[in-house]
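Commentary on secondary and tertiary structure
Residues per chain are reported as follows:
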Amino acid sequence: QMVQSKFTYDETFIKNNLEVIEKNFNYGEENRFDLYYLVLPNKENIYREYLPDYVNIYDNQSRAEKVISQINNDRIIYPKEELLAEKSINQVYYKTDTHWNSLGAFIGYKALIKTMLNKNINYEKLEWHDEKDSGDLVKLSGIYGVFNDSIPSVTYHGISKSEKTDTTKLYE
């Protein structure tokens, strides 16, 4: 969504973005590699219900969604639906930060791996635990350490140091 912004989308904005993306895909093809775009949803697109009542929503579709909706390419990954599904169970963005947390990043990573390799993550090799830290909003306000966020973090369980460099051990 466009939140508290009166930025307008004209055809030039969308056309310029589409040209850059197409140019990058063509470069990958010319150099014999597959290029993938992992487009990250902004926090306000996932936790819209927490925006204050006085915040105006000018558009229900984000800038990224406007651009990628016009591209027919299965190498563009936009894990918004996966993040929305997970947020009903777990926190996927920091409460005191504008970024996704480790779990949110992991959801994006899963979507990327699923698209790139058509493989699923082997969850038996992962162990989740909580850590505490302050996010970027707290740090920017100068009250670091006062408000701590519970941050899910992951470690490899039962994978030797040499296996960690071979990430294929994580996939089924």
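Look a little higher up for the structure.
Reference entry: report on the structure contained in this document.

Thresholds applied
- Residues numbered from 1 in each chain as written.
- Predicted model: local features only at pLDDT ≥ 70, side-chain atom pairs only at ≥ 80, totals over all residues.
- Heavy atoms only, no water.
- Salt bridge = Lys/Arg side-chain N within 4 Å of Asp/Glu carboxyl O.
- Helix = DSSP H or I, 4+ residues; strand = E, 2+ residues; numbered from the N terminus.
- Buried < 20%, exposed > 50% of the residue type's maximum accessible area, 1.4 Å probe, protein only.
- Axes fitted to C-alpha atoms, helices over the stretch in contact; angles between N-to-C directions.
- Parallel < 35°, antiparallel > 145°, perpendicular 65-115°, else oblique.
- Left-handed = near helix turned anticlockwise from the far one by under 90°.
- Contact = heavy atoms within 4.5 Å.
- Nonpolar A, V, L, I, M, F, W, Y, C, P; charged D, E, K, R; others polar.

Attention now moves to the pattern of salt bridges. Per the counting criterion, the structure on display carries five salt bridges. R75 is paired through a salt bridge with D34; the nearest N and O atoms lie 3.8 Å apart. In this pair, R75 sits in the loop between α3 (63-68) and β4 (76-77) while D34 sits in the loop between α1 (11-30) and β2 (37-38), placing the two residues 41 residues apart along the sequence. Note on R75: relative accessible area 12%, which makes it buried. In this structure, E65 engages K80 in a salt bridge whose closest nitrogen and oxygen atoms are separated by 2.9 Å. One end of the pair, E65, is in helix α3; the other, K80, is in helix α4 (residues 80-87), with 15 residues separating them in the sequence. Each member of the pair E65 and K80 is classed as buried.

Direction vectors running N to C along α4 and helix α5 (residues 102-117) enclose 140 degrees, while the axes themselves pass 10 Å from each other. By the angle between their directions, the pair α4 and α5 is classed as oblique. With respect to the hand of their crossing, α4 and α5 are arranged in right-handed fashion. Here E82, L83 and E86 of α4 come into contact with α5, specifically with L103, G104, I107 and A111. A breakdown of the residues in the contact of α4 with α5 according to their chemical character gives four nonpolar, one polar and two charged.

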